[in-house]
Amino acid sequence: MGLGNPGNEYAGTRHNVGFEVLDLLAARRGLSWQPEGPGLCALDQEARCALLKPLTYMNRSGIALRHLARARPLDGPASIFVVTDDFHLPLGALRVRSNGSPGGHNGLASVEEALGSQEYPRLRIGVGEPGKDAVEHVLSAFSVAERRVLEETFETAAWCAEDWVRGSSLEELQARYNRRTPQAGD
């Protein structure tokens, strides 16, 4: 599940990194997006999984997850992998976690409410410090220089999500993908 906001006015914003990563993964796997209730779904028959982009806006992401879970029963909260932005992490950082609080992230809070648990894996992508206005920051577009850094980050994040689908353990994903700076900056 990639978190973001629907609509052209939000395309390319910091809050939509989850959508961008799932778009890369879907393209890599040759999948197409189809409407599914309050979201877009790309079914991967080979990997026996569904990619989900909620169209409910960030703070109501759990609604799309609940709808998908009714149509395609889940094997508990641990069967969901959420990709989202995190302004508490430096630009381009990646952090895989097996659980945790939403940390003030309304999209994660909505997912937690839908699952009734904080025990679901997630990949947080650093979008840089917000300064004084966090809402303005996450709804702003990346600069050209930031976008260059994030191209590699998004590709790596898509590989992380695909490795999770293929059965890599969270410990393996953490060892392979967790980082404080983008590879391009190392």
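Refer to the structure printed above.
Our subject in this report is the structure included herewith. Since the structure is predicted, the reported quantities are computational estimates derived from the model, not experimental observations. (Residues numbered from 1 in each chain as written. Predicted model: local features only at pLDDT ≥ 70, side-chain atom pairs only at ≥ 80, totals over all residues. Heavy atoms only, no water.)

1. Some thoughts on the packing of aromatic side chains
Reasoning step 1: According to the stated counting rule, one finds two aromatic pairs in the structure shown.
Reasoning step 2: Between the aromatic rings of F81 and W164, the centroid separation amounts to 5.1 Å while the plane-to-plane angle is 20 degrees, which identifies the pairing as stacked. Taken together, the positions of F81 in the loop between α2 (61-71) and β4 (82-86) and W164 in helix α5 (residues 144-165) put the pair 83 residues apart, joining distant regions of the chain. A single burial state applies to F81 and to W164, both of which are buried.
Reasoning step 3: Above the face of the F19 ring, K53 is positioned so that its terminal group lies 5.3 Å from the ring centre.
Reasoning step 4: Positioned above the aromatic ring of W33, the side-chain terminus of K53 is 4.5 Å from the ring centre. (Phe/Tyr/Trp six-rings, centres within 6.5 Å; stacked < 30°, edge-to-face > 60°. Helix = DSSP H or I, 4+ residues; strand = E, 2+ residues; numbered from the N terminus. Buried < 20%, exposed > 50% of the residue type's maximum accessible area, 1.4 Å probe, protein only. Lys NZ or Arg CZ within 6 Å of the ring centre and 35° of its normal.)

2. Describing helix α6 (residues 170-177)
Reasoning step 1: When we look at burial in α6, the residues that qualify are L170, L173 and Y177. Down the axis of α6, the sector holding all buried residues measures 60 degrees, keeping them to one side. Opposite the buried face of α6, by more than 90 degrees, sit the exposed residues E171 and A175.
Reasoning step 2: Contacts from the buried residues of α6 go to β5 (94-97) and α5. (Arc of directions from axis to C-beta. Contact = heavy atoms within 4.5 Å.)

None of this, on its own, says anything about what the molecule does.
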